[in-house]
Amino acid sequence: MSKKFRTEKDSLGEYPVPFDAWYGIQTARAVENFPISDRRPDRDFIIAHVRIKRAAAAVNESAGVLEPRLAHAIIEASDSLIAGKHLDEFVVDRFQAGAGTSHNMNTNEVLANLANVALGGRKGEYKPVHPNDHVNMGQSTNDTIPTAIRLAALAKLPRLLAAIHGMADEFEVIARREINTVKSGRTHLQDAVPTTIGREFAAYAWILHRGAHQLRGNIPLLCEIGLGGSAAGTGLNTVPDYAMHVAGELARLTGEPIRSADDLAAQMQSMHDLQQLSASIRALALELTRIANDMRLLASGPRTGFGEIELPAVQPGSSIMPGKVNPVMFEMLNQVCYQVLGQDHAVALMTQAGQLELNVMMPALGSALFDAMDWLAHAVSAVTEKGLRGLKVNHDRCRELARTSVGLATLLNTSIGYSAAAEVAKESERSGRPVRDVVAEKGLMSTEEFDRLVERAAIEGNIISPRR
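These figures come from a predicted structure and were not determined experimentally.

The rules behind the values
Residues numbered from 1 in each chain as written. Predicted model: local features only at pLDDT ≥ 70, side-chain atom pairs only at ≥ 80, totals over all residues. Heavy atoms only, no water. Pairing = 2+ DSSP bridges. Helix = DSSP H or I, 4+ residues; strand = E, 2+ residues; numbered from the N terminus. Salt bridge = Lys/Arg side-chain N within 4 Å of Asp/Glu carboxyl O. Buried < 20%, exposed > 50% of the residue type's maximum accessible area, 1.4 Å probe, protein only. Phe/Tyr/Trp six-rings, centres within 6.5 Å; stacked < 30°, edge-to-face > 60°. Lys NZ or Arg CZ within 6 Å of the ring centre and 35° of its normal.

Details of the pairing of strand 2 (residues 13-18)
Pairing geometry for strand 1 (residues 5-10) and strand 2, over 6 bridges, is antiparallel. Across the sheet, the residue bridging to Glu8 is Tyr15, located in strand 2. Adjacent in sequence and paired antiparallel, strand 1 and strand 2 are bridged by 2 residues.

Comments concerning unusual backbone geometry
Here the bond from Lys127 into Pro128 is cis, since omega is 0 degrees, no more than 30 degrees from zero. Cis peptide bonds are those with omega within 30 degrees of zero, and the linkage from Gly301 to Pro302 qualifies with 5 degrees. By the secondary structure assignment, Pro302 is in the loop between helix 11 (272-298) and strand 7 (309-310). Even without glycine at this site, Ser230 takes up a positive phi of about 55 degrees. Among the structural elements, Ser230 can be located in the loop between strand 5 (224-225) and helix 9 (242-254).

A few points about the pattern of salt bridges
The tally for this structure, following the rule as stated, stands at 34 salt bridges. Measuring nitrogen to oxygen at the nearest pair gives 2.9 Å for the salt bridge that ties Asp42 to Lys156. Linking Asp42 in the loop between helix 1 (25-33) and helix 2 (43-62) with Lys156 in helix 6 (residues 141-177), this pair joins segments that are 114 residues apart in sequence. Like Asp42, the residue Lys156 is buried in the burial classification. With a closest N to O distance of 2.6 Å, Arg122 and Glu125 form a salt bridge. A relative accessible area of 56% means that Arg122 is categorised as exposed. A network of salt bridges, in which partner residues are shared, links Asp42, Asp44, Lys156, Arg159 and Asp374.

Here's the deal with the packing of aromatic side chains
Evaluated as defined, the whole model comprises 4 aromatic pairs. Their ring planes at 55 degrees and their centres at 5.3 Å tell us that Phe171 and Tyr204 sit as a pair that is tilted. Placement of Phe171 in helix 6 and of Tyr204 in helix 7 (residues 197-216) is noted, with a sequence separation of 33 residues between them. No difference in accessibility class separates Phe171 from Tyr204, as the two residues are buried. Here a set of aromatic residues connected by ring pairs shows up, and it is made of Phe171, Phe201 and Tyr204. The side chain of Lys123 reaches across the aromatic face of Trp22, ending 4.0 Å from its centre. The cationic tip of Arg186 hangs over the ring face of Phe306; the distance from NZ or CZ to the ring centre is 4.0 Å.

This is how it looks when you write it as structure tokens:
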């Protein structure tokens with residue numbers, strides 16, 4: 001059955017639009033022009049942009065420049081989209097016309113058609129509500145798109161923060177449970193002084209909480225918007241005090257402390273705050289991938305690696321080696337983190353690519369930032385659920401490796417001096433005997449005394465071995 005079309009007209013002429021579509025001619029042109037990634041706009045971004053249209057309609061009605069009947073129709077149409085209806089009508093590829101004009105018109109057309117049908121009109125006729133004259137009143141792609149990116153990032157942040165804090169909390173649970181589990185520390189991947197699983201995992205938790213705190217620090221920057229600058233930050237075609245009033249309306253709609261920027265033009269030229277957010281996410285991804293690699297090392301084995309922890313088995317690990325189980329959740333986290341680093345690099349390049357009054361890289365910049373936030377939130381949550389909960393510590397293996405570590409010779413520094421302790425370490429390494437046995441053989445202390453010293457040093461950390 002052939003698809004039906006209606007014909008619409010714009011400044012370039014006539015063009016067919018799918019008959020049932022709520023979008024219009026400029027959106028249809030963009031769909032044909034940009035068959036690039038087959039990825040539609042981000043949901044949070046769509047809703048953020050619709051909220052801007054809703055706020056503008058309310059402010060313009062209050063100012064007496066938008067007829068109440070039309071404003072209410074636009075507001076009701078906006079509310080239906082914000083509630084999740086008709087979101088499949090946003091069809092422009094993420095890689096599109098610079099600055100996001102195509103997406104702006106996609107929103108304008110959908111809202112205009114929804115409003116007109118509610119008022120008794122028909123799709124595509126744009127009477128009495130026009131996409132440009134009414135839905136876009138007092139606005140421009142120049143100020144709505146960067147504002148929508150900031151609002152969408154604000155919407156995503158709580159989910160990312162919850163995921164990070166959730167992983168940190170799980171590390172803390174393990175840390176408390178294993179606070180007295182002595183193990184060998186490692187520096188340079190070589191034997192080092194004894195520590196505990198508790199101390200090791202508590203450090204991971206602290207690092208993640210710190211990263212979340214740094215992420216949260218971006219909120220005040222994101223709340224400063226350039227909406228009301230209209231074209232090139234001039235405020236063209238806006239009512240008096242529009243920028244202040246529309247920021248207040250968005251604050252009410254989002255629950256965030258949205259405020260108008262001191263310099264509206266700057267928030268179109270500069271994506272600095274978005275780059276700062278991306279940089280914070282990058283820093284967090286670097287820590288996460290480091291921690292993921294630690295987990296893989298600590299779980300390596302089960303016979304030929306460290307084997308100090310056992311990760312939950314979530315799937316068979318090999319199509320050829322029976323019984324093999326791999327650290328797949330942390331491997332996945334590594335891959336996501338590396339991709340997030342790539343998205344951050346793209347954000348950085350597109351941040352500097354802005355020219356004069358406008359950064360035309362905003363559609364792809366926003367997409368890269370949204371991907372990084374969503375991917376990381378989903379990956380971290382999945383790892384917490386399937387990679388950390390249910391993690392077991394191999395206490396026998398920790399004890400075995402701690403007792404045989406050459407690094408235990410460090411505990412003798414304060415009693416026999418560094419040089420003599422180094423000789424003990426060398427003797428242990430040459431003979432293959434544990435340091436505790438070499439110490440007992442030299443009459444420095446009994447193996448039982450040395451074991452107690454190791455445990456106290458690992459747990460308390462500030463032990464001075466007795467002088468002989």
